[in-house]
Amino acid sequence: MNIENTHRQLLLNTLSQLVPLNQADMDLALPYFSFQSYCPQESVFSCGDFVSDVHFVLDGVGRYFYIDKNGTERNKSLVRKGGAFASISSIVEGSPSPFFAQTLTECTIASIDYAELVALSNTSSQWGEFVRKMFERLVLKKEKREAGFLMLSAKERYEQFLKEFSQDSQHIPLRHVAMYLGITDVTLSRIRRDMGLT
């Protein structure tokens, strides 16, 4: 199987985890997708960029992050296979992205212009369902993350992270995990020690 067919199959398998898509659905969408392989710690887009694409992660792990006025990085979210990089404020409002998107591991990413994705959703019921589910999943993820910060201890948040990211968690540097959880590296080390993970 050549690389183009491999990418197509990976896209079908990944997106079908959200909504069942068949080959006809993919044939309709494939002309609008581009594929790219990224090295670890490579930028997908930067703060200040005008982002029009949705970048679906087909393999690997990445992160969204802010850099504050003191130069301190703060992880907004972690993204793994089946997730996507996008700046909703940039796509919807036409404003610059307020954050960065970066790979943490080697990643394979399929990108599509959001306007093309919306056009697909208007012409195909399956793609319409896909876009709806995509936004539902985004809102649920944000809701759960907010609840975690308000209701869970640092240890409980780490346990939740391990459950959510399972095997992928082993490929995410611990400093990025600590940032994602809103705790210090020292606190995460203590939690891991208490859990017998070090």
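See above for the structure.
Worth saying up front: this structure is predicted, and the values here are computed from it rather than measured.

What counts as what
- Numbering of residues begins from 1 in every chain and follows the order in which that chain's sequence is written.
- Totals for whole chains, interfaces and linings use all residues, but because this is a predicted model, local features are given only for residues with pLDDT of at least 70 and pairs of side-chain atoms are given and counted only at 80 or more.
- Heavy atoms from the whole structure form the basis of all side-chain values; hydrogens and water molecules are not counted.
- To qualify as a helix, a DSSP run of H or I must reach at least 4 residues; to qualify as a strand, a run of E must reach at least 2; elements of each kind are numbered from the N terminus.
- Summary of the burial criterion: residues with accessible area below 20% of their type's maximum are buried, those above 50% are exposed, and those between are partly exposed, where the area comes from a 1.4 Å probe applied to protein chains only.
- An axis is simply a line fitted to the C-alpha atoms; with a helix, the fit covers only the stretch in contact. Between two such axes, the angle follows the N-to-C directions and lies from 0 to 180 degrees.
- Take the far helix as the reference: if the near one is turned anticlockwise from it by less than a right angle, the crossing is left-handed, and if turned clockwise, right-handed.
- Should any heavy atoms of two residues lie within 4.5 Å, those residues are considered in contact.
- Here the nonpolar group is Ala, Val, Leu, Ile, Met, Phe, Trp, Tyr, Cys and Pro; Asp, Glu, Lys and Arg are the charged ones; every other residue, Gly included, is treated as polar.
- We call two strands paired when DSSP finds no fewer than two bridges between them.

Caption draft 1: A look at unusual backbone geometry. Not every positive phi belongs to a glycine, and Gln41 is a case in point at roughly 65 degrees. Considering the arrangement of structural elements, one finds Gln41 in the loop between β1 (33–38) and β2 (43–45). Exposure remark for Gln41: the relative accessible area of 58% places this residue in the exposed category. The phi dihedral of Ser166 falls on the positive side, at around 35 degrees, and the residue is not glycine. Residue classification places Ser166 among the partly exposed residues on the basis of a relative accessible area of 38%.

Caption draft 2: Fine view of the packing of helix α6 (residues 154–165) against helix α7 (residues 174–181). Contact pair α6 / α7: the axes reach a minimum separation of 10 Å and the direction vectors enclose 120 degrees. Remark: the crossing between α6 and α7 carries right-handed chirality. Across from Arg157, Tyr158, Phe161, Glu164 and Phe165 in α6, the residues of α7 making contact are Val177, Tyr180 and Leu181. When grouped by side-chain class, the residues that make up the contact of α6 with α7 number 6 nonpolar, no polar and 2 charged.

Caption draft 3: Spotlight on the sheet that holds strand β4 (residues 61–67). The strand order across the open sheet formed by 4 strands is β2-β7-β4-β5, and the pairing between neighbours is antiparallel. Every other strand in the sheet has two partners, leaving β2 and β5 (73–80) as the edge strands with one partner each. The sheet shows a mean angle of 30 degrees between the axes of neighbouring strands, direction not considered. Sheet topology places β2 next to strand β7 (residues 100–103); 2 bridges connect them, and they run antiparallel. Bridge pairing in β7 links Ser43 to Gln102.

Caption draft 4: Spotlight on the sheet that holds β1. Here we have 4 strands laid out as an open sheet, ordered β1-β8-β3-β6, and antiparallel in their pairing. For this open sheet the edge positions go to β1 and β6 (84–85), each flanked by a neighbour on one side alone. Note: strand β3 (residues 53–59) against β6, 2 bridges, orientation antiparallel. Bridge pairing in β6 links Phe56 to Ala84.

Caption draft 5: Representation of the environment of Gln102 in the model. Inspection of the secondary structure puts Gln102 in strand β7. C-alpha of Gln102 to C-alpha of Ile183: the two residues are 81 residues apart in sequence and 21 Å apart in space. Every residue in contact with Gln102, bar those within four places of it in the chain, is listed here: Gln41, Glu42, Ser43, Val44, Gly62, Arg63, Phe65 and Phe85.

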